[in-house]
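# Geometric and topological summary
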Amino acid sequence: MAQKQDAQQKYVGIWPVMLTPFDEKREIDYDSLARLIEWYLAAGVHGLFAACQSSEMFFLSDRETQQLVRFIVQQVDGRVPVVASGHTANSVAQQVDQLNGVAQSGVDGLILISNRLALQGESDEQALQALQTLTAQLPTSVDLGIYECPYPYKRLLSDETVAWCAQSQRYTFIKDTCCDLPTIRRRLALSQGSRLHLANANSQTLLASFQAGCQAYSGVMANFHPQLYVWLYENWRTHPEQAQALADYLATAALAEHLDYPACAKYFQQQVGNFATHACRVRNSAGYASTFFPAAIDSMMRLGEALGQRVTKP
């Protein structure tokens, strides 16, 4: 019973979707990664999601993914739980190899990608059958989760799949990208009383989802101001007016995701001294600094810092 209670509290709070820093040759920059991890932890985050889309996992080899995740687990050293994916392959056999390889890195949770379960246009029933097949071939020593990754296409989980995950007692984490409050409420009802937690990725519905019972956020904007999300999560009940003001800002600021993410987040991390470059594999970011995007990010951050000082002061 104690183990179940611990699991109930493990997958809550603010979970940044981690960036992968690269050097000028687009090789993983582990010194920058170590600084990034410490920056997340100093902000008070409750967990980390490694080897996800923000990590450019579709542009990492399986070996790189395993080395990346192992480094993160070692650097974190148990201070917060770590979940990871790296689930990018098409064939079931290769998916099993990928996921088992990541499971051996010491992560707390192993995250499957919903669009790897079936091709675009195939049925939810096929996706659920594939999920059940994969689940049976993964170690019971690691918790499981699912991420509704938008790339290469977004496959939202059916109610039947969410219910099965909850009832299986294997699944503890869904990174929810439905961006729809009624769907979130329905999923919360389906998972009630189980080990399954929803981590909302959408800033615009975040406060309302907390009020509905959602207990986690895992979105790209935690790569800019994670401390504001931490404050919102920890204080929305006791400081409702301040929480609403902050949620309004975060909902608007999150539109910055469209300013060439992840290049904009990497450029920001370069400006604060964590990254040596803002190089990406997913796109050519060489011309990013010559656009108006950096000025927009700077304005967003200044507004957030000013609001944060007003809202979070005792």
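You'll find the structure just up there.
None of the values given here were measured: they were computed from a predicted structure.

## Some points on the overall build of the protein
- Across its full length, the protein carries 12 helices and 8 strands.
- Computed over its C-alpha atoms, the radius of gyration of the protein comes to 19 Å, within 12% of the 20 Å expected for a compact globule of 314 residues.
- Seen along its three principal axes, the alpha-carbon backbone of the protein occupies a region of about 50 × 50 × 40 Å.
- Looking at the protein as a whole, 57% of its 314 residues qualify as buried.
- Counting only contacts in the protein whose residues sit at least 6 apart along the sequence, the fraction spanning at least 24 positions is 74%.
- Of the roughly 13,300 Å² of accessible surface on the protein, a fraction of 49% belongs to carbon and sulfur atoms.
- When the 24 positive and 29 negative side-chain charges of the protein are each reduced to one mean point, those points stand 1 Å apart.

## Some remarks on the packing of aromatic side chains
- Overall, the coordinates contain 17 aromatic pairs when judged by the stated rule.
- Geometrically, the ring pair formed by Tyr11 and Trp15 is stacked, given 5.8 Å between the ring centres and 25° between the ring planes. Side by side, Tyr11 and Trp15 carry an identical accessibility label, which is buried.
- Ring centres of Tyr288 and Phe293 lie 6.0 Å apart, and the angle between their planes is 50°; this geometry places the pair in the tilted category.
- Aromatic rings pair up to connect Tyr11, Trp15, Phe49, Tyr147 and Phe173 into one cluster.

## Re the layout of surface pockets
- By volume, the largest pocket is sized at about 640 Å³.
- Lining the largest pocket are 30 residues; nearest its centre among them are Gln53, Tyr147, Pro150, Val220 and Glu257.
- The class makeup of the residues in the lining of the largest pocket is 17 nonpolar, 8 polar and 5 charged.
- In terms of lining residues, the second largest pocket is bounded by 15 residues, among which Arg116, Leu117, Ala118, Leu119 and Glu122 are the most central.
- Broken down by secondary-structure element, the contributors of at least two residues to the lining of the second largest pocket are α4 (92-103) and α5 (124-136).
- Ranked by residue count, the leading element in the lining of the second largest pocket is α5, at 4 residues.
- Within the lining of the second largest pocket, the residues separate by chemical class into 8 nonpolar, 5 polar and 2 charged.

## Re helix α12 (residues 293-312)
- Between its first and last C-alpha, α12 extends 28 Å over 20 residues, near the 28 Å set by a 1.5 Å rise per residue.
- Looking at the packing, one finds that the buried side of α12 touches α9 (226-235), α10 (240-253) and α11 (263-271).

## Some points on the sheet that holds strand β4 (residues 109-113)
- The 8 strands lie next to each other as β1-β8-β7-β6-β5-β4-β3-β2, forming an open sheet whose pairing is parallel. If you trace the sheet from one side to the other, it starts and ends with β1 (13-14) and β2 (48-50), each paired once.
- In terms of strand pairing, strand β6 (residues 171-176) meets strand β7 (residues 197-200) through 4 bridges, oriented parallel. In the sheet register, Lys175 faces β7, and the bridge partner there is Ala199.
- Packing against the sheet, helix α3 (residues 62-76) makes contact with β2 and β3 (82-84), and its axis sits at approximately 175° to β3.
- Against the sheet, helix α7 (residues 181-191) engages β6 and β7, with an angle of about 160° to β7.

## As for empty space enclosed by the protein
- Using the criterion set out here, one finds 2 cavities of 30 Å³ or more in the structure.
- The space that makes up the largest cavity amounts to roughly 40 Å³.
- In this structure, the largest cavity is lined by Leu117, Asp124, Ala127, Arg155, Leu156, Leu157, Ser158 and Thr161.
- Here the lining of the largest cavity is built from residues that sort into 4 nonpolar, 2 polar and 2 charged.
- Along the walls of the second largest cavity sit Tyr267, Phe268, Gln271, Pro294, Ile297 and Asp298, which together make up its complete lining.
- Of all the secondary-structure elements, those providing two or more residues to the lining of the second largest cavity are α11 and α12.

## Some details on the nonpolar core
- Ranked by size, the top nonpolar core spans 108 residues in total, and within it Ile72, Met221, Phe224, Leu232, Leu246, Ile297 and Met300 carry the most contacts.
- Once you skip the residues sitting within four places of it in the chain, Met300 turns out to touch Met221, Phe224, His225, Tyr249, Ala253 and Ala256.

Thresholds applied
Residues numbered from 1 in each chain as written. Predicted model: local features only at pLDDT ≥ 70, side-chain atom pairs only at ≥ 80, totals over all residues. Heavy atoms only, no water. Helix = DSSP H or I, 4+ residues; strand = E, 2+ residues; numbered from the N terminus. Rg over C-alpha atoms; globule rule 2.2 N^0.38 Å. Buried < 20%, exposed > 50% of the residue type's maximum accessible area, 1.4 Å probe, protein only. Contact = heavy atoms within 4.5 Å. Areas by Shrake-Rupley, 256 points an atom, 1.4 Å probe, with all protein chains shown as cover. Lys, Arg positive; Asp, Glu negative; His and termini not counted. Charge placed at Lys NZ, Arg CZ, Asp CG, Glu CD. Phe/Tyr/Trp six-rings, centres within 6.5 Å; stacked < 30°, edge-to-face > 60°. 1 Å grid on protein atoms, 1.4 Å probe; cavity = no way out; pocket = protein on both sides within 12 Å on 5 of 7 lines; lining within 4 Å. Points joined across faces, edges and corners; volume = space filled by probe spheres on them. Nonpolar A, V, L, I, M, F, W, Y, C, P; charged D, E, K, R; others polar. Expected span 1.5 Å × (residues − 1). Pairing = 2+ DSSP bridges. Axes fitted to C-alpha atoms, helices over the stretch in contact; angles between N-to-C directions. Core = buried A, V, L, I, M, F, W, Y, C linked by side-chain atoms within 4.5 Å.

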